[in-house]
Structures are given as C-alpha cells and as structure tokens.
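Topology and contacts: notes
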Amino acid sequence: MIYIASDHAAFDLRQEMMKFLTEMREEFEDLGVEEKRSVDYPDYARAVARAVAAEEGARGILICGTGLGMSISANRHPGIRAALCHDAYTAAMARRHNDANVLCMGARVLGVGVAEQVLRVFLNTAFEGGRHQRRVEKMEI
Ligand code: RB5
C-alpha cells in the first residue's frame, strides 16, 4: 500500500499526486490533511511513518512546503528512510542506494510536472542491495 499525506502548504500538490496515482493504477490511502486549514506537519509525518513501518513493503509520500519538515519528522520514526527528492536523479538514487520507503517533496519547490516525474521514478526504481544493504542496515540505531 502507498500512504500519502500533506500539510496545508501542499494540499493542492497532494491532490495532483493522488490523481496521478489513480492514473497509474496504484493503490493508495490518503491520510490527510482533509481540507486546506493550517496544520502541523509532524502529525501527518507520524501517521504515514507509522503506517509504513507497520506494513512490509509499504511506501509513503509526504509533502509540505519545502519537504524539509516532513522528511526530518518522518526520519525520527524507526524503520523509516524518508528521502527529500527534487528531481528524477535524487528519486532514483533514493531507491537504488538508500532503499527509501518514504518520498518527501516540497510543494513550494517543485512544479506538478517534475513532482509527477519524481513520483513515477521513486515508485518504479528498485533497491540495488549488495554493499548498499550493509549501509542501510547501519542506519538503524
Ligand atoms: C508551512 O508554512 C511550512 O513551514 C511547511 O509546509 C514546511 O515547509 C515545513 O518544513
């Protein structure tokens, strides 16, 4: 399952990403925010992080104004490797080398077209394993 959430700053981009996920026939669960009101991004990062950590193979998408607050918050949760991606290259490397299980994006940083490309690459790129597996394991404290 893919879990997606945003704060108010990324409400519109989240709607676009959900449309895109539907077009790509990806199954997802929307964890809010349910309307454009001012909220605290750590609450939404927590909801996605807990859902992803509880389910083998689950992935998360977290969007705020810059993507920074969501990525910092999500990475405080055990088992979460949240990557703030700005382009196709960082999205591919987040999967290939870091086995990221949560994609973070900044709605005030990316246009819809780039965000769609980042999301597509993130979902379709596999972890390379090998030496990267050891490094990923060392991230867990
Ligand atoms: C909200 O104004 C903004 O601070 C938030 O969306 C995010 O960018 C925080 O990192």
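These numbers come from a predicted model, not from an experiment.

As for the pairing of strand β1 (residues 2–6)
- β1 sits mainly inside the fold: five of its five residues count as buried.
- Burial of β1 is two-sided: the residues I2, I4 and S6 facing one way and the residues Y3 and A5 facing the other way are all buried.
- Of the strand pairs in this sheet, β1 and strand β2 (residues 28–30) are connected by three bridges, and their pairing is parallel. Bridge pairing in β2 places I4 opposite D30.
- Of the crossover connections in this fold, the one passing from β1 over helix α1 (residues 11–23) to the parallel β2 is right-handed.
- With five bridges connecting them, β1 and strand β3 (residues 59–64) associate as parallel partners. Among the inter-strand pairings, I2 is bridged to a residue of β3, identified as R59.

Structural notes on the environment of E29
- Structurally, the position occupied by E29 is in strand β2.
- For E29, a relative accessible area of 36% puts it in the partly exposed group.
- A sequence separation of 101 residues divides E29 from G130, and the C-alpha atoms of the two residues are 32 Å apart.
- Filtering out sequence-adjacent residues up to four positions away, E29 remains in contact with M1, I2, Y3 and I4.

Focus on the pattern of salt bridges
- For the structure on display, the rule yields eight salt bridges.
- Among the ionic pairs, R95 bridges to D99, the shortest N-O distance being 2.9 Å. The residues R95 and D99 share a single accessibility class, namely buried.
- Of the charged contacts in the structure, one is a salt bridge between E128 and R96, with a shortest N-O distance of 2.5 Å. Linking E128 in the loop between α5 (112–124) and α6 (131–139) with R96 in helix α4 (residues 88–96), this pair joins segments that are 32 residues apart in sequence.
- For E128, a relative accessible area of 38% corresponds to the partly exposed category.
- By relative accessible area, R96 is classed as partly exposed at 33%.
- Connected through salt bridges with shared partners, the residues R81, R95 and D99 form a single ionic network.

Cut-offs used in this document
- Residues numbered from 1 in each chain as written.
- Predicted model: local features only at pLDDT ≥ 70, side-chain atom pairs only at ≥ 80, totals over all residues.
- Heavy atoms only, no water.
- Buried < 20%, exposed > 50% of the residue type's maximum accessible area, 1.4 Å probe, protein only.
- Helix = DSSP H or I, 4+ residues; strand = E, 2+ residues; numbered from the N terminus.
- Pairing = 2+ DSSP bridges.
- Right-handed = clockwise from strand over helix to strand, strands pointing away.
- Contact = heavy atoms within 4.5 Å.
- Salt bridge = Lys/Arg side-chain N within 4 Å of Asp/Glu carboxyl O.

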